[in-house]
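# Inside the fold
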Amino acid sequence: MISMNRFPALRPICLIALAAFLAGALFTFAMPEKPTPPETCAVNVSESASACALPSHVDLSGKGFPVQRSDAEWRERLTEIQYHVARNQGTERPFANPYHDNKRVGLYRCVGCDTPLFSSTDKFDSGTGWPSFTQPIDPRTLGEHRDTSYGMVRIEVHCAVCGSHQGHVFPDGPKPTGLRYCINSASMRFEAAESADAIRELVLAWYAARVD
Ligand SMILES: [Zn+2]
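Residues numbered from 1 in each chain as written. Predicted model: local features only at pLDDT ≥ 70, side-chain atom pairs only at ≥ 80, totals over all residues.

## Section: the overall build of the protein chain
Helix and strand counts for the protein chain come out as four helices and nine strands. Written out in order from the N terminus, the α and β elements of the protein chain read α-α-α-β-β-β-β-β-β-β-β-β-α. Of all 212 residues assigned to the protein chain, the portion counted as buried reaches 38%. Taking as baseline every contact in the protein chain between residues at least 6 positions apart, the subset at least 24 positions apart corresponds to 68%. (Helix = DSSP H or I, 4+ residues; strand = E, 2+ residues; numbered from the N terminus. Buried ≥ 20, exposed ≤ 12 C-beta atoms within 10 Å, placed from the backbone. Contact = placed C-beta atoms within 7 Å.)

## Remarks on the sheet that holds strand E9 (residues 188-192)
The strand order across the open sheet built from three strands is E2-E1-E9, with neighbouring strands paired in antiparallel fashion. Whereas interior strands pair on both sides, the edge strands pair on one side only; in this sheet they are strand E2 (116-119) and E9. On average, adjacent strands in this sheet sit at an angle of 30 degrees to one another, irrespective of strand direction. (Pairing = 2+ DSSP bridges. Axes fitted to C-alpha atoms, helices over the stretch in contact; angles between N-to-C directions.)

## Quick look at the sheet that holds strand E5 (residues 142-147)
Read across the sheet, six strands follow the order E3-E4-E8-E7-E6-E5 without closing on themselves; strand pairing throughout is antiparallel. In this open sheet, the two edge strands, each paired with only one partner strand, are strand E3 (123-124) and E5. Sheet topology note: the strand E7 (residues 165-170)/strand E8 (residues 180-183) ladder contains four bridges and is antiparallel. Along E8, the bridge assignment pairs Val-169 with Tyr-181.

## Here's the deal with the pairing of strand E1 (residues 106-110)
The buried fraction of E1 amounts to five of the five residues, a majority that puts the element mostly inside the structure. The pairing of E1 with E9 spans five bridges and is antiparallel. In the strand pairing of E9, Cys-110 is matched with Met-188. Note: E1 against E2, three bridges, orientation antiparallel.

## A look at the nonpolar core
Within the largest apolar cluster, 31 residues are counted, with the highest numbers of intra-cluster contacts made by Cys-110, Leu-117, Phe-118, Cys-159, Tyr-181, Ile-183 and Met-188. Elements with a minimum of two residues in this core: helix H3 (80-87), E1, E2, strand E6 (154-159), E7, E8 and helix H4 (196-211). (Core = buried A, V, L, I, M, F, W, Y, C linked by C-beta atoms within 7 Å.)

## Quick word on unusual backbone geometry
With an omega of 5 degrees, the peptide bond running from Lys-175 to Pro-176 counts as cis. Position of Pro-176 relative to the elements: it lies in the loop between E7 and E8. In this model, Asp-114 sits at a positive phi of 70 degrees, which is unusual for a non-glycine residue. Looking at the secondary structure, you find Asp-114 in the loop between E1 and E2. Despite not being glycine, Tyr-150 has its phi angle at roughly 65 degrees, a positive value.

## A word on the confidence of the model for the protein chain
Low pLDDT marks stretches whose predicted atomic positions should not be read closely. On average, the protein chain scores 80 in pLDDT, and the residues at 70 or more come to 72%. Long-range and interchain partners of residues 12-49, a stretch whose pLDDT sits below 50, account for 46 contacts in this model, where long-range means more than four residues apart. (pLDDT = per-residue confidence, 0-100.)

Take a look at the structure:
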């Protein structure tokens, strides 16, 4: 580990690098490019993973997400199971959730703030009993956090706009990404659409509303 006291000349360089990084992150978030249109997912059956069933113990309280609500506001907006999963990083029961077998075309928004997170065009049947996707619509709106609870290393994923817990991502998914985003139905709100183009329109409308 490099001590900054021993290398005072590094301080301004580090500060400049940090400032550049923060400016870049801010610019990226404030001025999002048009997201890449979602591609059709190759449907495969991935391995069942009981790790989906374990809740998370990641502390997201200090992250300063753009959308902030009081606990009372969260409880008013969300049902009991939605609050438990999205705000307390719980996990719903497999197969006994509304979207695990949902094959309709449409958009999955964050239940906490309506951000478009997943598309039906990236959804596949993982056999786990939870909605599973090969990729998010836009990686910038889905935050990741290393979760080491239960003696295993998992990658927790959450809405980067309001911090609502979504689920975990595992490296055993089908093509094209090889990833399996194991997401709770309780963390999402499904909005039906007529086609993949219609989904893109909904996504772009959300971005346009943020830029205005
Ligand atoms: Zn959200």
